[in-house]
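# Structural characterization, general
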Amino acid sequence: LWVFLALVAPSSPYRPRLVQLEYNRHFSFFEEVALDCSSGRPPWSDSFWPFSFPPEQSNVYGASLQAIVTAAALRGYQLVWVERCFDVFLV
């Protein structure tokens, strides 16, 4: 989500006609969730580490479908298709 917002920022010359983004299907449809990784640290606290599974097997990543739709609208895009459990397409 953050890369998309940076690429299509008002100051950017990049303006694709079609955008495809992967969303995290593990978030509820109505949740607006986007993980902020700007700190360079995992989104969970150190007190919960280590998990009983590696972080790459976690459901904690990316952005929810609703967060992507909201962010897209801020940049003048609208949702045209959702590939169930995988991708959204914006124009």
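The structure under discussion appears in the preceding block.
The paragraphs below set out a description of the structure included in this document. (Residues numbered from 1 in each chain as written. Predicted model: local features only at pLDDT ≥ 70, side-chain atom pairs only at ≥ 80, totals over all residues. Heavy atoms only, no water.)

## Focus on the overall build of the chain
Along its length, the chain carries 2 helices and 3 strands. In the chain, the succession of α and β elements from N to C terminus is α-β-α-β-β. Sorting the 91 residues of the chain into buried and exposed places 27% on the buried side. Expressed as a percentage of contacts within the chain between residues at least 6 apart in sequence, the contacts between residues at least 24 apart total 70%. As displayed, the chain has an accessible area near 6,500 Å², and 58% of this comes from carbon and sulfur atoms. (Helix = DSSP H or I, 4+ residues; strand = E, 2+ residues; numbered from the N terminus. Buried < 20%, exposed > 50% of the residue type's maximum accessible area, 1.4 Å probe, protein only. Contact = heavy atoms within 4.5 Å. Areas by Shrake-Rupley, 256 points an atom, 1.4 Å probe, with all protein chains shown as cover.)

## Observations regarding the sheet that holds strand β2 (residues 79-83)
Spatial ordering of the open sheet is given by β1-β3-β2, a layout of 3 strands whose pairing is antiparallel. In the strand order of this sheet, the two ends are held by β1 (19-22) and β2, each with one partner. Averaged over neighbouring strand pairs, the angle between their axes works out to 20° when direction is ignored. Sheet topology note: the β1/strand β3 (residues 87-90) ladder contains 4 bridges and is antiparallel. In the sheet register, V19 faces β3, and the bridge partner there is L90. Helix-sheet contacts for helix α2 (residues 65-74) involve β1, β2 and β3, and the interaxial angle to β3 is about 15°. (Pairing = 2+ DSSP bridges. Axes fitted to C-alpha atoms, helices over the stretch in contact; angles between N-to-C directions.)

## Concerning unusual backbone geometry
You will see that C85, though not glycine, has its phi angle at about 75°, which is positive. Looking at the secondary structure, you find C85 in the loop between β2 and β3. Take C85: its relative accessible area is 27%, and that puts it in the partly exposed class.

## Thoughts on a nonpolar patch on the surface
Among the surface-exposed residues, L18, V80, W81 and V91 lie close enough to one another that they form a single nonpolar patch of about 390 Å² accessible area. Note that V91 resides in the segment after β3. V91 gets classed as partly exposed once you look at its relative accessible area, which sits at 36%. (Patch = residues over 30% accessible without salt bridge, like charges linked within 9 Å, V, L, I, M, F, W, Y side chains within 5 Å. Salt bridge = Lys/Arg side-chain N within 4 Å of Asp/Glu carboxyl O.)

## Here we look at the pairing of β2
Both β2 and β3 contribute to a ladder of 4 bridges, which runs antiparallel. Bridge pairing links W81 to F89 in β3.

It is worth stressing that arrangement in space is one thing and function is another; only the former is reported here.
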